Amino acid sequence: MTALLELEDVEARYGPVHALHGISLSVEEGSVVAVLGPNGAGKTTTLRSVSGTVRRSGRIAFAGRPIDRLGPDGVARLGVAHVPEGRGTFSELTVWENLRLGAYTRRGSIDPELERVFSYFPWLSERRKQQAGTLSGGEQQTLALARAFVHRPRLLLLDEPSLGLAPVLVAELFRIVRELNEREGLTVLVVEQNAHLALQAADAGYVLEAGQVALSGTSDELRADDSVRRSYLGY
Amino acid sequence: MAALETSPGPNLRSRSAALGGVVPPIWLLLVAGAAGLLVGSLRSSVFAQLTVQGLALGAVYGSLALALVLVYRATRVVNFAQGELAMATTYVAWQLIQWGLSYWEAFFATLAIAFVLGTVLEVVLVRPVQHRSVIAAVIVTVGLFILVDGIVNWIWGAEFKFMPSPFGTKIYHVGGVSIARLYPGMLAVVAISVVLVWALFRFTKLGLGMRAAAFRPAESALVGVRVDWMLAIGWGLATVLGAVAGLMAEPSQLLLEPTLMQPILVYAFAAAVLGGLDSPGGAVVGGLVIGVSLNLIVQYVPSITSELQAPFAFAVLVAVLLLKPSGLFGHREVRRV
């Protein structure tokens, strides 16, 4: 297996505030990798440094190609879809327009992608003319995810998909992510507060603390680790 | 359509939310106004002439107002130089005609030049200061106003220029009313331009990218939209609409001078604010309302002479800002559930 995404000694800062102090991690092609850690550990910033939405230094390679100097649109064009924390939906636009934007970098017809997404979320098809801002929180989160699927990314960056969602929906989202991973080889890097869920869906994980990697391993290894159990799994 | 039928509730809700929840009264008001104009026109030929002329001028104001709205929506910048850019591009058209192009060749060449000019100005002048603050960019546009004015005076001088009439001198007689072909011509040109711009925004991928970039630049970049390009293209399109306004304003003034667009900029501001600064449709409707009412008021209200047109437009602007700052069609802040 080769690494699709590789971060080496990546630092990032918001103005004077250092958010990442030299993170190194790698995501194998076709795997689901979880990023765990307390608030402020730099989980979101790690995703943002990949998608180019934060000022970063260090080496970031996607499919063997350095991307640490690319802006967010350039990274997206290489096949990286980032579903940001909260809702990344365009609330002023319709559901269909949101989905169309997901495939903005693709040429030609996107009907097959739309069909595929509608097979997972049939309600999206029925409400394609509805303004996205009038969807419920969970629906908007689903739409953001669906938009990323239409992109047909090689790498999906998922930030806190469970935030503000009913547990039943969260489980459903993770099931679909896992299914896309198994069926289509989608590679996923997911940040999640709910470590239990994340480790269930993931093959491997990294635990961040204060902008550094504190621990890493396969999901089974992390589940078996005492500190992870105490801090994140609660047993 | 199936989606519309299966879920009428949310669709209606989203629609009224988008238009500020005031749709019926405003449409009633506009329909009543239009009916009044029609009745008046049938009863008096002077009224009919003033109405047609007012609509044509209003279309020019609406076109410039739309240019202001496009830039405002994309970058939250009010472009004070929009009128002067329109004037400058009209001079370009005059120059091209002097060099031997026909009117309509010069017209389309000017639109292309306007697009490039607007795009380059965004990249060179606005973008470098844009990320610092909106007010810095606004001040840059004020500087641009003075700069463009100076350049035009320097190249072409302040004396009047004359352009051939784009629509000839033909006069139509409809019933007892005589209407110069100029006015329906102006209306048609502006209408076609506005519809083309609307279709571009509504039906093309580029238009979708531009709308997305205007609403949510950060999220747009994440899906691969080149936000910087979209904003530059937005400026280019606005400058094209301004050029259309300038080129159609010139024949109604019968001459070209550097101050051509200055009163029209005031009317366009009033139109844009009346329609709602972030509503493209509102800008066009606002332009027509301002154009017609200015024309009729000067004729029928004895105390308001043509010198008072600009102050009247300014009064409308202030009144809207005081009474209904979002204008007739402006967005209220979209609910984030």
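So, how was this worked out
Residues numbered from 1 in each chain as written. Chains lettered and ligands numbered in written order. Predicted model: local features only at pLDDT ≥ 70, side-chain atom pairs only at ≥ 80, totals over all residues. Helix = DSSP H or I, 4+ residues; strand = E, 2+ residues; numbered from the N terminus. Rg over C-alpha atoms; globule rule 2.2 N^0.38 Å. Pairing = 2+ DSSP bridges. Contact = placed C-beta atoms within 7 Å. Axes fitted to C-alpha atoms, helices over the stretch in contact; angles between N-to-C directions. Buried ≥ 20, exposed ≤ 12 C-beta atoms within 10 Å, placed from the backbone. Core = buried A, V, L, I, M, F, W, Y, C linked by C-beta atoms within 7 Å. Expected span 1.5 Å × (residues − 1). Arc of directions from axis to C-beta. pLDDT = per-residue confidence, 0-100. Parallel < 35°, antiparallel > 145°, perpendicular 65-115°, else oblique. Left-handed = near helix turned anticlockwise from the far one by under 90°. Nonpolar A, V, L, I, M, F, W, Y, C, P; charged D, E, K, R; others polar.

**Quick look at the overall build of chain A**
Logical step 1: If you tally the helices and strands in chain A, you get 10 helices and 10 strands.
Logical step 2: The C-alpha radius of gyration of chain A comes to 17 Å, within 12% of the 18 Å expected for a compact globule of 235 residues.
Logical step 3: In terms of overall dimensions, chain A has a C-alpha envelope of 45 × 40 × 35 Å along the principal axes.

**Some words on the sheet that holds strand β4 (residues 56–62) of chain A**
All names here are of chain A.
Logical step 1: Sheet architecture is open: 4 strands sit in the order β2-β1-β4-β5, paired in antiparallel fashion. Lying at the two open borders of the sheet, with one neighbouring strand each, are β2 (17–28) and β5 (65–66).
Logical step 2: Strand direction decides the pairing type here: strand β1 (residues 3–14) and β2, joined by 9 bridges, are antiparallel. What sits directly across from E11, in β2, is H21.
Logical step 3: Sheet contacts for helix α1 (residues 43–51): β1, β2 and β4; angle to β2, the most-contacted strand, approximately 70 degrees.

**What to know about the environment of B:L274**
All names here are of chain B.
Logical step 1: The residue L274 is located in helix α12 (residues 262–275) in this model.
Logical step 2: In this structure L274 comes out as buried when scored by C-beta crowding, with 27 C-beta atoms within 10 Å.
Logical step 3: Residues within four places of L274 in sequence aside, it is in contact with G286, V289, I290, V316, V320, G327 and L328.

**Quick notes on the pairing of strand β10 (residues 212–218) of chain A**
All names here are of chain A.
Logical step 1: For strand β9 (residues 204–209) and β10, the ladder comprises 6 bridges, and the chain directions are antiparallel. Each residue of the ladder has a partner; that of G205, found in β10, is G217.
Logical step 2: Linkage of β9 to β10, two consecutive antiparallel strands, is achieved through a turn of 2 residues, within which A210 is found at a positive phi near 50 degrees.

**Here's the deal with the nonpolar core**
Residues and elements named next belong to chain B.
Logical step 1: Residues V60, L64 and A268 are the most contacted members of the largest nonpolar core, which totals 168 residues.
Logical step 2: A per-element tally of this core places helix α4 (residues 45–75) first, with 17 residues.
Logical step 3: With sequence-adjacent residues up to four places away left out, V60 is seen in contact with M186, V190, A245, M248, A249 and I264.

**Overview of helix α7 (residues 134–156) of chain B**
Because each turn of an α-helix spans 3.6 residues, side chains separated by three or four positions in sequence point in the same direction.
All names here are of chain B.
Logical step 1: Under the 1.5 Å per step criterion, the end-to-end length of α7 is 33 Å for 23 residues, consistent within 8% with the ideal 33 Å.
Logical step 2: All of the buried residues along α7 are A137, V140, T141, V148 and V152.
Logical step 3: Packing partners of the buried residues in α7 comprise α4, α5 (82–98) and α6 (103–130).
Logical step 4: Looking one or two places after α7, you find G157, whose phi comes out positive at around 75 degrees.

**Comments concerning helix α8 (residues 182–203) of chain B**
Residue and element names in this part refer to chain B.
Logical step 1: Relative to the 32 Å expected for 22 residues at 1.5 Å per residue, α8 spans 31 Å between its end C-alpha atoms, a close match to the ideal helical length.
Logical step 2: Within the sequence span of α8, burial applies to L182, Y183, M186, V189, V190, S193, V194 and V197. Within α8, the buried residues cover an arc of 140 degrees as seen down the axis, which keeps them to one side. Projecting away from the buried face of α8 at angles above 90 degrees are the exposed residues I192, V195, A199, R202 and F203.
Logical step 3: Elements in contact with the buried residues of α8: α4, β2 (177–180), α11 (227–253) and α13 (280–300).

**Here we look at the pairing of β9(A)**
All names here are of chain A.
Logical step 1: With respect to burial, β9 is a largely interior element, 5 of its 6 residues being buried.
Logical step 2: Sheet topology places strand β3 (residues 32–36) next to β9; 4 bridges connect them, and they run parallel. Of the residues in β9, the one forming a bridge with V33 is A204.

**Here we look at the confidence of the model for chain A**
Logical step 1: Across chain A, the average pLDDT comes to 89, with 98% of residues at or above 70.
Logical step 2: Ranking the elements of chain A by mean pLDDT puts helix α10 (residues 226–233) of chain A last with 80 and strand β8 (residues 187–191) of chain A first with 95.

**Side note on the sheet that holds strand β7 (residues 155–159) of chain A**
The strands making up a sheet associate through backbone hydrogen bonding, with each pair oriented either parallel or antiparallel.
Residues and elements named next belong to chain A.
Logical step 1: The 6 strands are arranged β6-β7-β8-β3-β9-β10 in an open sheet whose pairing can be described as mixed. The strands lining the two open edges of the sheet, one partner per strand, are β6 (80–83) and β10. Neighbour-to-neighbour, the strand axes of the sheet open up by a mean angle of 15 degrees, direction not taken into account.
Logical step 2: By the bridge criterion, 5 bridges tie β7 to β8 in an arrangement that is parallel. Following the sheet pairing, L156 is matched in β8 by V188.

**Notes on the confidence of the model for chain B**
Residues and elements named next belong to chain B.
Logical step 1: The pLDDT averaged across chain B works out to 88; a share of 91% of its residues lies at or above 70.
Logical step 2: With pLDDT under 50 throughout, residues 1–20 is counted as low confidence; its partners more than four residues away or in other chains account for 32 contacts.
Logical step 3: This model gives residues 333–337 a pLDDT under 50, and the stretch forms 9 contacts once residues within four places in sequence are excluded.
Logical step 4: Of the two predicted TM-score estimates for the complex, the pTM is 0.86 and the ipTM is 0.87.

**Describing unusual backbone geometry**
Logical step 1: Unlike most non-glycine residues, A:A63 shows phi in positive territory, near 50 degrees.
Logical step 2: Structurally, A:A63 is set in the loop between β4 and β5.

**Some thoughts on the packing of α4(B) against α8(B)**
All names here are of chain B.
Logical step 1: Closest axis-to-axis distance for the α4/α8 pair is 8 Å, and the angle between their directions is 30 degrees. One finds that α4 runs roughly parallel with respect to α8. Considering the relative orientation of α4 and α8, their crossing is left-handed. Taken together, the residues of α8 that come into contact with α4 (itself represented by V52, Q53, L55, A56, A59, V60, G62, S63 and L66) are Y183, M186, L187, V190, A191, S193 and V194.
Logical step 2: The residue inventory of the contact of α4 with α8, partitioned by class, reads 12 nonpolar, 4 polar and no charged.

**Notes on the packing of α4(B) against α5(B)**
Residue and element names in this part refer to chain B.
Logical step 1: Following both chains from N to C, one finds α4 and α5 inclined at 125 degrees, their axes separated by 10 Å at the closest point. Considering the angle they form, α4 stands oblique to α5. Crossing geometry of α4 relative to α5 is assigned as right-handed. Here L64, A67 and L68 of α4 lie close against α5, whose contacting residues are Q82, G83 and A86.
Logical step 2: Across the contact of α4 with α5, the residue classes tally to 4 nonpolar, 2 polar and no charged.

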